[in-house]
Amino acid sequence: QVQLVESGGGLVQPGGSLRLSCAASESTFSIVVRGWYRQAPGKERELVAIITSTGNTNYADSVKGRFTISRHNAKNTVYLQMSSLKPEDTAVYYCLARNRYSYDYWGQGTQVTVSS
């Protein structure tokens, strides 16, 4: 029922930065987890970062120290600030919202390409 729309993807050089945004279509009062996954060609979708309704965060080991997830509840929006980007970060990034009944909502994805 919740609609998610990602934005902010694009082409960036190694070492550069991007900020992804994910806006929800309606109130997220029932959402307990929001986060970001990514999928590179030929690979399975993997978790990048999550943030819970209580503010706890978790990151994949591969992005710790480089990526930061945050939220602005009044805007129903979560963000992924990505810095020190590497070619292996190239993927389609998907926004996730999970409600308290363990139902997952997904955005359509936004392409991030890290290349010289």
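For the structure, see preceding data.
Note that the structure is a prediction, hence the values are computed from the model and not measured.

Turning next to the sheet that holds strand β3 (residues 18-24). Pairing between the strands of a sheet comes from backbone hydrogen bonds, and it takes one of two forms, parallel or antiparallel. The four strands are arranged β1-β3-β8-β7 in an open sheet whose pairing can be described as antiparallel. Each of the sheet's edge strands pairs with one partner strand only, and the pair in question is β1 (4-7) and β7 (67-72). Going from strand to strand, the sheet's axes swing by 15° on average, the running direction of each strand aside. The sheet contact formed by β1 and β3 spans four bridges and is antiparallel. If you follow L4 over to β3, its bridge partner there is A24.

Among the structural elements, S30 can be located in the loop between β3 and β4 (31-39). The residues contacting S30, other than those within four sequence positions of it, are R98, N99 and R100.

Moving on: the environment of R34. Locating R34 in the fold gives a position in strand β4. The exposure class of R34 is buried, given its relative accessible area of 7%. Expressed as a C-alpha distance, the spacing of R34 and M82, which sit 48 residues apart in the sequence, is 17 Å. At 3.3 Å, the side chain of R34 forms a polar contact with the backbone oxygen of C22.

The next point concerns unusual backbone geometry. One non-glycine residue with positive phi stands out, namely S84, at about 50°. Tracing the chain through its elements places S84 in the loop between β8 (77-82) and β9 (91-99). Positive phi, normally seen in glycine, also occurs at S102, with a value near 65°. Mapped onto the fold, S102 is located in the loop between β9 and β10 (104-106). Judged by relative accessible area, S102 falls into the exposed class, the value being 60%.

Right, let's talk about the state of the cysteines for a bit. One pass over the full model with this rule turns up one disulfide. Residue C22 pairs covalently with C95 via a disulfide, S to S 1.9 Å. Judged by the sign of its S-S torsion, about -90°, the bond between C22 and C95 is left-handed. Placement of the pair is C22 in strand β3 and C95 in strand β9, with a sequence separation of 73 residues. Grouping residues by exposure puts C22 and C95 together as buried.

What counts and how
Residues numbered from 1 in each chain as written. Predicted model: local features only at pLDDT ≥ 70, side-chain atom pairs only at ≥ 80, totals over all residues. Heavy atoms only, no water. Pairing = 2+ DSSP bridges. Helix = DSSP H or I, 4+ residues; strand = E, 2+ residues; numbered from the N terminus. Axes fitted to C-alpha atoms, helices over the stretch in contact; angles between N-to-C directions. Contact = heavy atoms within 4.5 Å. Buried < 20%, exposed > 50% of the residue type's maximum accessible area, 1.4 Å probe, protein only. Polar contact = N/O pair within 3.5 Å; in protein donor to acceptor, adjacent residues only side chain to side chain. Disulfide = S-S within 2.5 Å.

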